[in-house]
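One letter stands for each residue in the lines below.
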Amino acid sequence: MSEVEVLRQTRWNGTGSPADWIADNCGCEVCLASAPNRNGPRVSSSVDLRPDESLISAIMRTAAKNHLPRVSRLLAAADGVYHSFVNLASREDVDFTQLAWTARLPAHDVEARRYQRTEIHATLPGVIFHGAVVPAYDIRLKSRRIAPSWLRGEPYHSAIGHHVLVPHCPATGEILIERCPRCDALLSWSQLDMTRCQACNLDLSGLDGERIGEKMRTATSLMTDLIHPHPARHLAAHERVPSTLAGINRGVLFELGWRLGVIMAGHDRRDRDDMRNLPIAARLEIMACGSQMLANWPRGLRNALADQSSWAGKADAIASLRQLAAQKSAWPDHRALLLDAIPGLEKSRAETVKLAVVAGGNAAETTQALGVGQKVFERLRASHHLTPALTLGNDNLHQIFDVSPHKQMIDSLSDRIGINSASERLGIGRNGAEQLCCLRHLDLLDQDYMRDAYLERQIRRSGFQKLFDTLETGSFDIDEDERVPIMQAIRIIGGREKPWGELVHAMIHKELEYHVDRDSPWALMTRVSIRADDVLRVAGMHFDRAAFPDFEFGLEMPRRDAERLLNVTPKYMDEAITAADLKRNSNGLFDREHVLERAATFISGGEIIMRWEGGGRRKPAQFRGRRKLERAGPLGWLRSEVERRMEGEPLRTEFGGL
């Protein structure tokens with residue numbers, strides 16, 4: 001559970017540190033189980049843990065904050081493990097309940113940062129790395145492997161530094177270092193100050209570390225985020241993989257992507273436990289290839305096999321895949337996934353090659369050749385976009401399909417993303433994605449077979465990803481005190497649709513400067529800020545639907561889109577639905593025209609504050625005191641009355657502090 005939930009459920013009285021209160025009052029199962037064993041000396045104050053922080057970092061920061069000369073003092077009070085602590089997370093002879101008590105840390109946070117042993121298969125030991133199953137040889141604890149940016153502000157060590165296959169910080173792109181650039185000493189954990197080299201005292205936080213290119217950081221992001229200890233990152237990455245992979249452990253998916261990347265990128269298949277010594281460029285190439293394989297599973301693998309430049313290369317790749325799926329050496333999930341993707345892997349090598357390149361077959365094989373699920377296949381067959389080349393039997397039909405004439409359909413099916421998913425990742429709502437389609441910034445897949453195959457409209461995934469990457473990498477340097485979050489700035493627009501099309505167009509063409517918080521994994525526009533001076537410019541933007549008479553706009557919108565169009569909070573949205581001020585259809589969606597009519601009738605407090613106060617929480621004087629203008633309902637005030645009451649009042653021209 002989150003810290004906010006713990007503080008609320010345990011009724012924090014507001015005194016002392018929230019971290020101390022959580023450490024002693026968390027009601028989760030792990031913390032409750034450890035309660036009877038809490039005793040002995042404790043430090044005076046706790047540290048606020050970072051979501052991706054390693055256990056050794058948390059313990060060292062606790063020792064430093066409490067002015068202990070060495071971390072061994074803290075460990076000795078817990079269980080006398082002062083003689084060796086760099087491998088603390090993987091130890092099994094430590095009383096971690098006592099350690100949590102001594103360090104004033106929640107027992108569940110300490111437990112989650114342990115690297116407990118597991119067995120992947122009979123000959124391969126593994127560990128649980130922040131919930132991901134990984135081979136034990138991929139975790140290195142002795143050296144202090146860091147990115148300089150981790151040491152700025154409140155220094156800490158991210159647990160991603162323990163995973164030796166990841167060569168860079170996924171958030172910043174910095175190459176991780178484990179040796180001092182001045183004296184070449186291996187960075188160790190021998191002193192409490194994590195910002196300095198223990199040998200020459202160089203301030204590592206001041207280094208301008210080498211970074212990988214932004215294109216490569218994006219290409220490897222699925223793999224690196226799957227294994228990342230930060231919950232927001234690995235949860236978002238898990239949502240990016242196809243549904244056939246959704247229920248599989250993140251570490252298992254990372255290992256599958258890694259091994260496929262090695263095969264398809266053509267790297268020397270050295271012993272797996274020696275791949276930590278591959279050059280950084282090779283590891284990045286492998287992870288970029290693995291990310292592509294996982295993101296487009298299983299069609300990405302089949303396309304890679306079909307695109308091999310020579311028969312010998314294709315046969316070699318399939319031979320490697322056969323070895324990867326072998327009964328004795330395979331990870332159990334890997335074997336099942338590979339046999340499902342290429343059913344002939346268990347047969348002869350020649351038969352495997354044949355089955356890997358065949359375009360179709362029976363219903364199951366055609367489903368796999370198309371890279372779609374059973375429901376989509378059935379819709380395509382029912383709408384006659386797929387017709388059998390051969391039908392056998394009377395009562396029990398056996399149909400054979402040939403998909404070779406359907407290259408365009410296959411390309412569309414393999415390069416698509418639902419418009420709802422795209423709008424959620426952009427954070428602009430479905431109507432915003434439709435506007436971008438009108439302006440040709442997104443490619444709408446509007447063919448008959450796409451409409452018949454999917455319940456929601458589809459757009460081209462590659463074009464969407466290009467737009468997303470262009471926006472994310474086009475960030476400007478804007479002083480923090482000059483930034484206004486765009487999601488708050490756009491509240492100044494009311495009574496009509498948000499002009500996301502024109503706004504994004506201006507961002508792409510560098511006509512509107514903006515800043516992107518690249519460290520956050522959330523939806524794009526929730527991480528974007530613009531200059532305060534540009535808020536009124538945004539207010540003047542419009543999107544004219546009448547200019548696109550041939551485009552079929554959606555007639556309904558989901559709740560979140562309606563909330564943003566009306567500029568209301570979820571609380572007022574609930575009240576409006578209960579009071580029947582807003583009508584929700586039987587499918588849970590809202591009629592677009594009805595919501596627009598409500599937006600033209602009512603004006604929310606958020607829009608009022610943005611227009612006449614420039615942000616903050618305080619409304620104008622006309623909405624305070626005994627003679628204040630009263631709300632007309634959950635959706636706000638009558639727009640006509642507000643415009644009449646505020647006539648002559650100057651609109652705010654300065655924005656900031658949002």
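Described in the following lines is the structure provided in the data block. (Residues numbered from 1 in each chain as written. Predicted model: local features only at pLDDT ≥ 70, side-chain atom pairs only at ≥ 80, totals over all residues. Heavy atoms only, no water.)

This part covers unusual backbone geometry. Geometrically, the link from Trp297 to Pro298 is a cis peptide bond, its omega value of -5° lying close to zero. Looking at the secondary structure, you find Pro298 in the loop between helix 12 (280-295) and helix 13 (299-306). Here His67, not a glycine, exhibits a phi torsion of approximately 60°, which is positive. Within the fold, His67 resides in the loop between helix 4 (55-65) and helix 5 (71-79). For His67, a relative accessible area of 71% gives the class exposed. (Helix = DSSP H or I, 4+ residues; strand = E, 2+ residues; numbered from the N terminus. Buried < 20%, exposed > 50% of the residue type's maximum accessible area, 1.4 Å probe, protein only.)

Right, let's talk about helix 18 (residues 374-382) for a bit. Listed as buried for helix 18 are Val376, Phe377 and Leu380. The buried residues of helix 18 all sit within an arc of 100° when viewed along its axis, so they share a single face. In this structure, helix 18 carries Lys375 and Ala382 as exposed residues pointing more than 90 degrees from its buried face. One or two positions beyond helix 18, positive phi appears at His384, with a value near 65°. (Arc of directions from axis to C-beta.)

Spatially, 1-2-3 is the arrangement adopted by the three strands of the open sheet, whose pairing is antiparallel. Edge positions in the open sheet fall to strand 1 (116-121) and strand 3 (132-135), since each of these has one partner strand only. Averaged over all pairs of adjacent strands, the angle between their axes in this sheet comes to 40°, without regard to strand direction. In terms of strand pairing, strand 1 meets strand 2 (residues 124-129) through five bridges, oriented antiparallel. Paired with His121 across the bridge in strand 2 is Leu124. Here helix 11 (residues 250-264) sits on the sheet in contact with strand 2 and strand 3, set at roughly 45° to strand 3. (Pairing = 2+ DSSP bridges. Axes fitted to C-alpha atoms, helices over the stretch in contact; angles between N-to-C directions. Contact = heavy atoms within 4.5 Å.)

Glancing now at the nonpolar core. Ile59, Met264, Leu301 and Leu321 are the most contacted members of the largest nonpolar core, which has 99 residues in total. A per-element tally of this core places helix 11 first, with nine residues. (Core = buried A, V, L, I, M, F, W, Y, C linked by side-chain atoms within 4.5 Å.)

Relative to the elements of secondary structure, Ala304 occurs in helix 13. Accessibility expressed as a relative area gives 16% for Ala304, which makes it buried. On a C-alpha basis, the gap between Ala304 and Met293 in space is 8.5 Å, while along the polypeptide they are 11 residues apart. Beyond its immediate stretch of four places on either side in the chain, Ala304 contacts Met264 and Met293.

This next bit is on the side chain of Glu53. Mapped onto the elements of the fold, Glu53 is located in the loop between helix 3 (29-34) and helix 4. Classification of Glu53 by relative accessible area gives buried; the value is 0%. With residues near it in sequence (within four places) discarded, Glu53 still touches Asp48, Ala58, Arg61, Arg113, His130, Tyr156, His157 and Ala159.

Its place among the elements puts Ser44 in the loop between helix 3 and helix 4. For Ser44, a relative accessible area of 59% translates into the label exposed. Sequence separation between Ser44 and Asn66 is 22 residues, and the spatial gap between their C-alpha atoms is 6.6 Å. Separated by 2.9 Å, the side chains of Ser44 and Asn66 make a polar contact. (Polar contact = N/O pair within 3.5 Å; in protein donor to acceptor, adjacent residues only side chain to side chain.)

On to the sheet that holds strand 10 (residues 483-485). Strand order in the open sheet formed by three strands is 10-12-11, with antiparallel pairing between adjacent strands. This sheet does not close on itself; its edge strands, each paired only once, are strand 10 and strand 11 (514-516). Taking the axes of each pair of neighbouring strands and ignoring which way they run, one obtains an average angle of 35° across the sheet. Direction of pairing for strand 10 relative to strand 12 (residues 528-531): antiparallel, over a ladder of three bridges. By the bridge assignment for strand 12, Val484 is matched with Ile530.

Here we come to the pattern of salt bridges. As enumerated under the stated definition, the model contains 33 salt bridges in all. Arg117 is paired through a salt bridge with Glu92; the nearest N and O atoms lie 3.6 Å apart. Residue Arg117 is located in strand 1, and its partner Glu92 is located in the loop between helix 5 and helix 6 (96-102); the two are separated by 25 residues in the primary sequence. The two residues Arg117 and Glu92 agree in class, both being exposed. We note a salt bridge from Glu214 to Arg217, for which the minimum N-O separation is 2.8 Å. In this pair, Glu214 and Arg217 both sit in helix 8 (residues 214-219), three residues apart, roughly one turn of the helix. For Glu214, a relative accessible area of 21% gives the class partly exposed. (Salt bridge = Lys/Arg side-chain N within 4 Å of Asp/Glu carboxyl O.)

Scanning all chains against the criterion turns up eight aromatic pairs. For the pair Phe543 and Phe548, a centre-to-centre distance of 5.5 Å together with 5° between the ring planes defines the contact as stacked. Residue class for Phe543 comes out buried when judged on its relative accessible area of 15%. Consider the rings of Phe623 and Trp637, whose centres lie 5.3 Å apart with planes at 80°: the pair is edge-to-face. Here Phe623, found in the loop between helix 30 (605-612) and strand 16 (637-638), pairs with Trp637, found in strand 16; they are 14 residues apart in sequence, far enough to count as distant. (Phe/Tyr/Trp six-rings, centres within 6.5 Å; stacked < 30°, edge-to-face > 60°.)

Further remarks concern the packing of helix 11 against helix 12. One can describe the packing of helix 11 onto helix 12 by two numbers: an axis separation of 7 Å at closest approach and a directional angle of 115°. One way to sum up the angle between helix 11 and helix 12 is to call them roughly perpendicular. For the pair helix 11 and helix 12, the sense of crossing is right-handed. For the pair helix 11 and helix 12, the contacting residues are Leu253, Phe254, Leu256, Gly257, Trp258, Leu260, Gly261, Val262 and Met264 in the first and Arg283, Ile286, Met287, Cys289, Gly290, Met293 and Leu294 in the second. Across the contact of helix 11 with helix 12, the residue classes tally to 12 nonpolar, three polar and one charged. (Parallel < 35°, antiparallel > 145°, perpendicular 65-115°, else oblique. Left-handed = near helix turned anticlockwise from the far one by under 90°. Nonpolar A, V, L, I, M, F, W, Y, C, P; charged D, E, K, R; others polar.)

This next bit is on a negative patch on the surface. Residues Asp477, Asp479, Glu480 and Asp481 make up a contiguous surface patch of negative charge. Note that Asp479 resides in the loop between helix 23 (461-473) and strand 10. Given the relative accessible area of 48%, Asp479 is considered partly exposed. (Patch = residues over 30% accessible without salt bridge, like charges linked within 9 Å, V, L, I, M, F, W, Y side chains within 5 Å. Areas by Shrake-Rupley, 256 points an atom, 1.4 Å probe, with all protein chains shown as cover. Lys, Arg positive; Asp, Glu negative; His and termini not counted. Charge placed at Lys NZ, Arg CZ, Asp CG, Glu CD.)

Further remarks concern the packing of helix 27 (residues 559-566) against helix 28 (residues 570-578). One can describe the packing of helix 27 onto helix 28 by two numbers: an axis separation of 10 Å at closest approach and a directional angle of 105°. Here helix 27 is positioned roughly perpendicular relative to helix 28, judged by the angle of their axes. Here Arg559, Ala562, Glu563 and Leu566 of helix 27 come into contact with helix 28, specifically with Pro570, Met573, Asp574 and Ile577. When the residues that make up the contact of helix 27 with helix 28 are grouped by side-chain class, the tally is five nonpolar, no polar and three charged.

Moving on to helix 25 (residues 500-508). Restricting attention to buried positions, one finds in helix 25 the residues Trp500, Gly501, Leu503, Val504, Ala506 and Met507. Positive backbone phi, approximately 60°, marks Lys510, located one or two places after helix 25.

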